[in-house]
Amino acid sequence: MKINALVAQDAAKPLVSSQIALRPLQPQDVKIDILYCGVCHSDLHMARNEWAVSRYPLVPGHEIVGRVRETGAAVTNVKVGDVVGVGVMVDSCRECHFCQQQEEQYCEAGFTATYNGIDKHTGDSTWGGYAQNVVVDQHFVVSVPQNLPLAGVAPLLCAGVTVWSPLRHFKVQAGDKVGVVGLGGLGHMAVKLASAMGADVTLFTTSPQKGADAKRLGASRVVVSRDAEQMAAAQTSLDFIIDCVSAPHDLDPYLATLKTNGRLVLVGIPDQPHQSPDVTPMVFRRLSISGSSIGSIKETQEMLDFCGEHNITADIELIAGEAVEDAFARMLKGDVKYRFVIDVAATRW
């Protein structure tokens, strides 16, 4: 089953249009015509082998929205013509403690990534969404609300659920004082989702010019983190912080803004470790630092349903596939508001 895709051949070369072979449809499989695929910063990391785990050839993309073209004989969850989504996972062991409690992202055997994973049926690499089609087990396919613009839904499959999962797991609710660190792909979704939950949202940013946009997205206030006076004024004001920055930085100033029993959750993964935080305020005010990885299939569906009810999508810039290298270059400069999305129909293969 040959299809067109954007392929990374090695770390030093740009992505090129080429053909790949999808696996034959299994009884539980869904074949999807890809309509849109978000461009996540991890796609750039993987294409350039910056995490030293990439296997080539590699087709990035794990924020996929498409239409079901074909289903295997045992598929019951979706039907031909349905609009569906695929996120960061396409399989897991299905047997461990975490899989059994519907937390596949913490699968003890390691979940199968949408791309650069090992397909359990073929032993070959999995292929991502910078392509015309994808074949996925029905368990890892989610339904997309019909009222939402589909291009803006694509980033919800990674960026959206990555911030939704800790907000839900740690039971953030209406009236809570929530901080968001960084207004990028993840951060802008954290602001939108937390404010839609009824939380009072404070955005921390190094860029004062992002203030108006943050308030448009739902933040009640903006704190410039490089301004010592503004940071001092925010001390002990927050119940919960979600830190979306993927560069190493000092966590102590943000811990200082938490109330007693407050929690700082990290969802960004820096290429170098954060410096060790000061333990003293953590001990005397019972503060916690946690991490959170993407979200389960159940959480992804709940997040999409919530977004459908509240008319929430990502703020995007739509591109054709041949512009992806330019998009990568602009991402490195922070020149995107707030997610690039590939329009597969507009791509010249």
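Preceding this paragraph is the structure being described.
Residues numbered from 1 in each chain as written. Predicted model: local features only at pLDDT ≥ 70, side-chain atom pairs only at ≥ 80, totals over all residues. Heavy atoms only, no water.

## Comments concerning the overall build of the protein chain
When helices and strands are counted, the protein chain shows 11 helices and 17 strands. The C-alpha radius of gyration of the protein chain comes to 20 Å, within 12% of the 20 Å expected for a compact globule of 349 residues. Its C-alpha atoms put the protein chain at 60 × 40 × 40 Å along the principal axes. Per-residue burial over the protein chain gives 55% buried out of 349 residues. (Helix = DSSP H or I, 4+ residues; strand = E, 2+ residues; numbered from the N terminus. Rg over C-alpha atoms; globule rule 2.2 N^0.38 Å. Buried < 20%, exposed > 50% of the residue type's maximum accessible area, 1.4 Å probe, protein only.)

## A word on the pattern of salt bridges
Considering all chains together, one arrives at 20 salt bridges under this definition. Ionic pairing is found between Asp 119 and Arg 23, a salt bridge with its closest N-O pair at 2.8 Å. Taken together, the positions of Asp 119 in the loop between strand S7 (112-113) and strand S8 (133-137) and Arg 23 in the loop between strand S2 (16-21) and strand S3 (29-39) put the pair 96 residues apart, joining distant regions of the chain. Asp 119 gets classed as buried once you look at its relative accessible area, which sits at 9%. Across the salt bridge formed by Arg 339 and Glu 63, the nearest N and O atoms sit 2.7 Å from each other. On the criterion of sequence distance, the pair formed by Arg 339 in strand S17 (residues 339-343) and Glu 63 in the loop between helix H1 (41-47) and strand S4 (64-71) is long-range, its members being 276 residues apart. The class of Arg 339 is buried, set by a relative accessible area of 8%. Several salt bridges share partner residues, and in doing so they unite Lys 192, Asp 213, Arg 216, Asp 315 and Lys 337 into one network. (Salt bridge = Lys/Arg side-chain N within 4 Å of Asp/Glu carboxyl O.)

## Digging into the sheet that holds strand S11 (residues 200-205)
Hydrogen bonds between backbone atoms are what pair the strands of a sheet, whose relative direction is either parallel or antiparallel. Pairing in this open sheet of 6 strands is parallel, and the strands run S12-S11-S10-S13-S14-S15 from one edge to the other. Every interior strand has two partners, whereas the edge strands, strand S12 (221-224) and strand S15 (288-291), have only one. Averaged over all pairs of adjacent strands, the angle between their axes in this sheet comes to 20°, without regard to strand direction. Here S11 runs beside S12; their pairing, made up of 4 bridges, is parallel. Bridge pairing links Phe 204 to Val 223 in S12. (Pairing = 2+ DSSP bridges. Axes fitted to C-alpha atoms, helices over the stretch in contact; angles between N-to-C directions.)

## Some points on the packing of helix H4 (residues 159-169) against helix H10 (residues 297-310)
Packing of H4 against H10 leaves a shortest axis separation of 9 Å and a crossing angle of 100°. Judged on the interaxial angle alone, H10 and H4 are roughly perpendicular. Residue-level contacts link Gly 160, Val 161, Trp 164 and Ser 165 of H4 to Glu 299, Thr 300, Glu 302, Met 303 and Phe 306 of H10. Here the contact of H4 with H10 is composed, by residue class, of 4 nonpolar, 3 polar and 2 charged. (Parallel < 35°, antiparallel > 145°, perpendicular 65-115°, else oblique. Contact = heavy atoms within 4.5 Å. Nonpolar A, V, L, I, M, F, W, Y, C, P; charged D, E, K, R; others polar.)

## Quick word on the environment of Leu 35
Summarising the element assignment, Leu 35 is placed in strand S3. Each C-alpha atom, one on Leu 35 and one on Leu 150, is 8.2 Å from the other, the two residues being 115 residues apart in sequence. Residue contacts for Leu 35: discarding those within four places in its chain leaves Val 65, Gly 66, Arg 67, Leu 150, Ile 342, Asp 343, Val 344 and Ala 345.

## Some thoughts on unusual backbone geometry
The residue after Tyr 56, namely Pro 57, is reached through a cis peptide bond having omega -5°. Following the sequence through the fold, Pro 57 ends up in the loop between H1 and S4. One non-glycine residue, Asn 49, lies in positive phi territory at about 55°. Within the secondary structure layout, Asn 49 lies in the loop between H1 and S4.

## A few points about the nonpolar core
If you look at the biggest cluster of nonpolar residues, it comprises 94 residues, and the most contacted ones within it are Tyr 130, Leu 193 and Phe 328. Other than its neighbours up to four places away in sequence, Phe 328 contacts Leu 15, Val 39, Asp 43, Leu 44, Ala 47, Arg 48 and Tyr 130. Counting 15 residues, the second largest nonpolar core, distinct from the first, contains Val 181, Ile 241, Leu 251 and Met 282. (Core = buried A, V, L, I, M, F, W, Y, C linked by side-chain atoms within 4.5 Å.)

## Thoughts on the pairing of S17
Along S17, 5 of the 5 residues are buried, which leaves the element largely enclosed by surrounding structure. The alternating pattern of S17 places Arg 339, Val 341 and Asp 343 on one face and Phe 340 and Ile 342 on the opposite face, and all of these are buried. Note that S3 and S17 share 4 bridges and pair antiparallel. From the neighbouring strand, Cys 37 faces S17, where its bridge partner is Ile 342.

## Points about the side chain of Thr 126
Mapping Thr 126 onto the fold places it in the loop between S7 and S8. When its relative accessible area of 7% is taken as the criterion, Thr 126 is described as buried. Among the polar contacts listed, one links the side chain of Thr 126 to the backbone oxygen of Ala 113, at a separation of 2.8 Å. With residues up to four places along the chain from it excluded, the contact list for Thr 126 reads Val 90, Thr 112, Ala 113, Thr 114, Tyr 115, Asn 116, Gly 117, Ile 118 and Asp 119. (Polar contact = N/O pair within 3.5 Å; in protein donor to acceptor, adjacent residues only side chain to side chain.)

## Describing the packing of aromatic side chains
What describes a pair of aromatic rings is the distance from one ring centre to the other and the angle between the planes of the rings. Tallied over the full model, the rule gives 4 aromatic pairs. For the ring pair Phe 98 and Tyr 106, a centre distance of 6.3 Å and an interplane angle of 65° mean the geometry is edge-to-face. In this structure Phe 98 comes out as partly exposed when scored by relative accessible area, which is 25%. With a relative accessible area of 31%, Tyr 106 lands in the partly exposed category. Summarising the aromatic geometry, the rings of Trp 164 and Phe 306 are spaced 4.9 Å apart at their centres and angled 50° between planes, so their arrangement reads as tilted. One end of the pair, Trp 164, is in helix H4; the other, Phe 306, is in helix H10, with 142 residues separating them in the sequence. For Phe 306, a relative accessible area of 13% corresponds to the buried category. (Phe/Tyr/Trp six-rings, centres within 6.5 Å; stacked < 30°, edge-to-face > 60°.)

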